[in-house]
2 protein chains.
Amino acid sequence: MVERTIELNDIFASLADPTRRDILARVARGELSVSDIANGYDMSLAAISKHVNVLERAKLIIKRREGKKQMVTLAPDALMSADEYLEQYRQMWEQKFNKLDELLKEE
Amino acid sequence: MVERTIELNDIFASLADPTRRDILARVARGELSVSDIANGYDMSLAAISKHVNVLERAKLIIKRREGKKQMVTLAPDALMSADEYLEQYRQMWEQKFNKLDELLKEE
DNA sequence: CTATCATTTAACTATATGGTTGAACGAACG
DNA sequence: CGTTCGTTCAACCATATAGTTAAATGATAG
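Source: prediction; values computed, not measured.

Here we take up the relation of the copies chain A and chain B. Each copy superposes on the other: chain A lies on chain B with an RMSD of 0.0 Å after a rotation of 180° and an axial shift of 0.0 Å. With respect to symmetry, the two chain copies, as superposed, fit the operation of a two-fold axis. Of the interface residues in chain A, 100% have counterparts in chain B that sit at the interface too, so the contact is made through matching surfaces.

The next thing to look at is the sheet that holds strand β3 (residues 69–74) of chain A. Residue and element names in this part refer to chain A. Reading across the sheet, the three strands line up as β1-β3-β2 and stay open at both edges, with antiparallel pairing between neighbours. The two strands at the open ends of the sheet, each matched to only one other strand, are β1 (32–33) and β2 (61–66). As judged from the two bridges shared by β1 and β3, these two strands associate in the antiparallel manner. Looking at β3, one finds that S33 is bridged to M71. Packing of helix α2 (residues 18–29) onto the sheet brings it into contact with β1, β2 and β3, and relative to β3 it is tilted by some 90°. Running over the sheet, helix α4 (residues 45–57) touches β2 and β3 and is turned about 120° from β2.

It is possible for side chains of opposite charge to pair when their charged atoms get near one another. What the rule picks out here adds up to 12 salt bridges over all chains. A salt bridge links R90 of chain A to D83 of chain A; the nearest nitrogen and oxygen atoms lie 3.1 Å apart. The exposure class assigned to R90 of chain A is buried, which follows from its relative accessible area of 14%. Between E56 of chain B and K63 of chain B there is a salt bridge, and its shortest N-O distance comes to 3.5 Å. Judged by relative accessible area, E56 of chain B falls into the partly exposed class, the value being 30%. Counted as one network, the salt bridges with shared partners bring together D83, E87 and R90 of chain A together with D83, E87 and R90 of chain B.

Time to look at the protein's contact with DNA strand D. Not every one of the 22 residues close to DNA strand D is listed here, only the nearest: S35, S49 and K63 of chain A together with K50 and H51 of chain B. The sugar-phosphate portion of DNA strand D accounts for 70% of its atoms within 4 Å of the protein, the bases making up the rest. Side-chain polar atom of K68 of chain A to a sugar or linking oxygen of DNA strand D: 3.4 Å apart, as the coordinates give it. Contact between DNA strand D and R20 of chain B: a phosphate oxygen at 2.9 Å from a side-chain N or O atom of the residue. Secondary-structure elements contributing two or more residues to the surface near DNA strand D are α3 (34–38), α4 and β3 of chain A together with α4 (45–57) of chain B. Classifying every residue of the surface near DNA strand D gives six nonpolar, seven polar and nine charged.

Scoring rules and cut-offs
Residues numbered from 1 in each chain as written. Chains lettered and ligands numbered in written order. Predicted model: local features only at pLDDT ≥ 70, side-chain atom pairs only at ≥ 80, totals over all residues. Heavy atoms only, no water. Least-squares fit on C-alpha atoms with pLDDT ≥ 70 in both. Contact = heavy atoms within 4.5 Å. Pairing = 2+ DSSP bridges. Helix = DSSP H or I, 4+ residues; strand = E, 2+ residues; numbered from the N terminus. Axes fitted to C-alpha atoms, helices over the stretch in contact; angles between N-to-C directions. Salt bridge = Lys/Arg side-chain N within 4 Å of Asp/Glu carboxyl O. Buried < 20%, exposed > 50% of the residue type's maximum accessible area, 1.4 Å probe, protein only. Near = heavy atom within 4 Å. Polar contact = N/O pair within 3.5 Å; in protein donor to acceptor, adjacent residues only side chain to side chain. Nonpolar A, V, L, I, M, F, W, Y, C, P; charged D, E, K, R; others polar.

Structure (structure tokens):
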């Protein structure tokens with residue numbers, strides 16, 4: 001399994017911030033402009049613009065210009081990379097659950 | 001779906017560092033002491049100790065004392081939280097794959 | 001009870017992050 | 001072409017992070 005270090009660094013660093021996770025969740029429901037996103041946070045537009053840039057650098061979103069607006073779309077591939085990273089550990093917690101199951105059956 | 005903000009912050013922030021991801025991978029193969037871990041990094045023991053503390057705060061590992069040594073074990077539950085977070089997006093990239101599949105079939 | 005091994009803490013440095021405000025830029029409208 | 005709308009950039013501030021070295025602490029072995 002090849003670890004794509006830089007990508008994972010940026011992806012996980014992006015996800016470590018609750019504002020960015022929230023932006024991601026909102027964008028997942030449908031394309032939004034940067035100011036659409038900024039509505040609903042008690043934070044300057046510039047701050048939101050920065051967050052969006054962080055998400056873009058991590059390739060978690062894509063921006064495209066539509067007239068004056070910058071439209072932001074979810075780009076799920078990067079999340080898939082994060083998921084692939086976790087994949088290698090998945091069996092470990094599943095194993096733990098199986099042990100728990102067996103204990104419960106024994107009662 | 002309830003987002004456990006603080007936990008995810010700590011978990012993802014932990015995973016954003018390649019040294020910590022590596023420590024996690026090594027610990028996953030079996031319990032190691034802090035100095036066992038430190039062997040193999042060109043970094044002071046104190047630095048490794050800090051990384052281990054970050055992982056501990058995120059509940060990604062558990063430390064227990066065994067004599068002089070602090071033994072470090074993987075605690076998969078926190079990784080499971082990260083996985084649950086990604087769960088909500090999983091269908092999005094699966095959808096994307098399905099579309100790709102259909103395109104390939106058409107040829 | 002002191003020497004030694006394993007680890008942590010303290011103090012410090014450098015850089016990164018997350019926020020602010022104000023100015024600048026790019027695109028469209030009249 | 002000047003104004004306005006949407007966004008970014010620049011400069012700045014406060015705090016956090018990742019590392020260092022040196023000193024302190026914990027736990028065992030003699």
